[in-house]
Amino acid sequence: MSWRRLWAMMLKEFIQLSRDRLTFAMMVGIPIMQLLMFGYAINTDPKHLTTVLVVYDQGSLTRSLVQALQNSGYFQVVNNDANAQVATDMLAQGEAQFVLTIPANFERDLIRGNYPSLLLEADAADPAATGNAIASLQQLAESALRHDLTGALSYLAPPANSFELRIHRLYNPEGITQYNIVPGLMGVILTMTMIMMTALGITREVEQGTMENLLATPIKPLEVMIGKIAPYILIGYVQVAVILLMARILFNVPFVGSLSLLLFSVMVFIFANLTIGITISSTVRNQTQAMQMSFFFLLPSILLSGFMFPFRGMPRWAQIIGEMLPNTHFLRLVRGIMLKGNGWHEAWPHLLPLSIFIFVVMLIGIKKFRRTLD
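So, here is what we can say about the structure in this document. (Residues numbered from 1 in each chain as written. Predicted model: local features only at pLDDT ≥ 70, side-chain atom pairs only at ≥ 80, totals over all residues. Heavy atoms only, no water.)

Overview of the sheet that holds strand 2 (residues 75-79)
- Taken together, the five strands give an open sheet; going across it, the order is 2-1-3-4-5, and neighbouring strands pair in mixed fashion. Of all strands in the sheet, those bounded by a partner on one side alone are strand 2 and strand 5 (164-170). Adjacent strand axes in the sheet meet at a mean angle of 30°, parallel and antiparallel pairs treated alike.
- In this structure, strand 3 (residues 98-102) lies alongside strand 4 (residues 117-123), joined through four bridges in antiparallel fashion. For Phe98, the partnering residue across the bridge sits in strand 4 and is Ala122.
- Each of strand 1 (49-55), strand 2, strand 3 and strand 4 is contacted by helix 3 (residues 60-71), which is oriented at about 175° to strand 1, the strand it contacts most.
- Lying over the sheet, helix 4 (residues 84-93) contacts strand 1, strand 2, strand 3, strand 4 and strand 5, oriented at roughly 165° with respect to strand 1. (Pairing = 2+ DSSP bridges. Helix = DSSP H or I, 4+ residues; strand = E, 2+ residues; numbered from the N terminus. Axes fitted to C-alpha atoms, helices over the stretch in contact; angles between N-to-C directions. Contact = heavy atoms within 4.5 Å.)

With respect to the pairing of strand 3
- Counting buried residues along strand 3, five of its five residues qualify, which places the element largely inside the surrounding structure.
- Burial along strand 3 is two-sided: Phe98, Leu100 and Ile102 facing one way and Val99 and Thr101 facing the other are all buried.
- Judged from the five bridges that link them, strand 1 and strand 3 form a sheet pairing that is parallel. Within strand 3, the position partnered with Val55 by the bridge is Ile102. (Buried < 20%, exposed > 50% of the residue type's maximum accessible area, 1.4 Å probe, protein only.)

Concerning the nonpolar core
- Counting 59 residues, the largest nonpolar core has Met186, Leu190 and Val266 as its most contacted members.
- Of all the elements in the fold, those that place two or more residues in this core are helix 2 (21-41), helix 7 (177-208), helix 9 (221-249), helix 10 (259-283), helix 11 (287-303), helix 13 (326-340) and helix 14 (344-373).
- Looking at which element gives the most residues to this core, the answer is helix 10, with eleven residues.
- Excluding its chain neighbours within four sequence positions, the residues that come into contact with Leu190 are Ile195, Gly236, Gln239, Val240, Val266, Phe269, Ile270, Asn273 and Phe330.
- Ranked by size, the runner-up nonpolar core spans 24 residues in total, among them Leu53, Leu100, Phe163 and Ile167. (Core = buried A, V, L, I, M, F, W, Y, C linked by side-chain atoms within 4.5 Å.)

Looking at helix 7
- Compared with the 46 Å implied by 1.5 Å per residue over 32 residues, the 45 Å span of helix 7 between its first and last C-alpha is a close match.
- The largest bend in helix 7 is about 25°, located at Leu185. (Expected span 1.5 Å × (residues − 1). Bend = angle between axes of the 7 residues up to and from the residue.)

So, the pattern of salt bridges
- One pass over the structure, following the stated rule, counts four salt bridges.
- Across the salt bridge formed by Arg108 and Asp109, the nearest N and O atoms sit 3.6 Å from each other.
- Given a relative accessible area of 39%, Arg108 falls into the partly exposed group.
- Two residues, Glu323 and Arg332, come together in a salt bridge whose shortest N-O distance is 2.9 Å.
- A relative accessible area of 34% places Glu323 in the partly exposed class.
- A relative accessible area of 28% places Arg332 in the partly exposed class. (Salt bridge = Lys/Arg side-chain N within 4 Å of Asp/Glu carboxyl O.)

Right under this line is the structure:
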């Protein structure tokens with residue numbers, strides 16, 4: 001072995017890497033992104049969970065209970081004057097994590113020792129997002145009114161049980177993790193396959209020179225993009241059918257919503273991912289760069305979408321980034337349809353951002369593709 005020839009070969013590789021700016025940026029950018037997301041954005045103990053109050057008793061003990069609820073840090077009251085229907089809709093749409101109902105004559109029944117009941121309804125579709133908060137509330141119920149139940153009311157103070165806290169875990173009462181993970185996998189699998197297959201497929205044609213055949217035809221960039229996207233839609237639906245079948249047979253995941261709404265949502269989501277793949281392929285020069293760019297997009301799509309970790313447990317800046325990712329809205333769609341039975345009214349707030357995303361990314365892809373053709 002010649003050390004001189006070996007050094008020349010190594011030097012050649014370093015020079016080649018220095019000229020490939022995208023690869024160098026990925027080498028530095030991916031570790032930084034992972035450190036930031038795992039260090040700051042990932043939180044398995046979410047706080048300040050959105051809570052809606054349905055209050056039929058405005059007494060002083062009720063106000064003390066609500067104040068203690070907020071002081072715990074787990075609950076953030078976003079609506080303290082809702083009715084039962086509004087609260088139910090907010091739970092179904094994912095706008096609220098909890099609904100606390102305080103019945104009429106709560107304070108009077110508590111003072112008389114009639115053992116009144118409070119009802120806490122929790123969106124338990126994601127058990128990890130509600131487990132610690134529910135546990136803290138059970139302890140909070142024993143001490144929330146400690147400072148109020150003094151003097152003549154001291155007999156109601158802890159350790160005596162002055163009222164009952166009833167907890168209803170909706171959509172996943174048994175806290176089965178598969179009910180949350182398996183529907184979410186649909187979004188992750190579609191994101192991985194659609195983006196990577198599209199980005200690598202078009203980049204491969206450029207490398208092999210077959211794109212020159214398209215340049216010789218009067219076909220327009222938009223027609224090329226749509227023609228490339230269309231076959232993958234069928235592939236995506238085949239994957240969805242396999243996932244739904246296995247979810248039902250192997251994991252017994254419930255499906256209480258509309259199949260037609262789910263299939264329409266899948267089509268919109270597939271289009272969103274395919275436009276990303278087209279845009280990536282119009283930007284990079286080779287398949288290696290296409291793989292790197294795909295992975296750079298996949299990582300936040302998995303970690304910041306609420307698939308692996310509770311979305312509301314992330315800091316505000318991470319939630320803003322997550323709201324711009326298609327996978328975030330699709331996870332809410334598929335979980336809402338399968339577990340909650342959501343309809344078009346609840347799905348529209350998530351279908352609209354996906355449609356806007358498709359329009360914006362498609363424009364960028366067409367512009368980049370036209371520039372590549374020139």
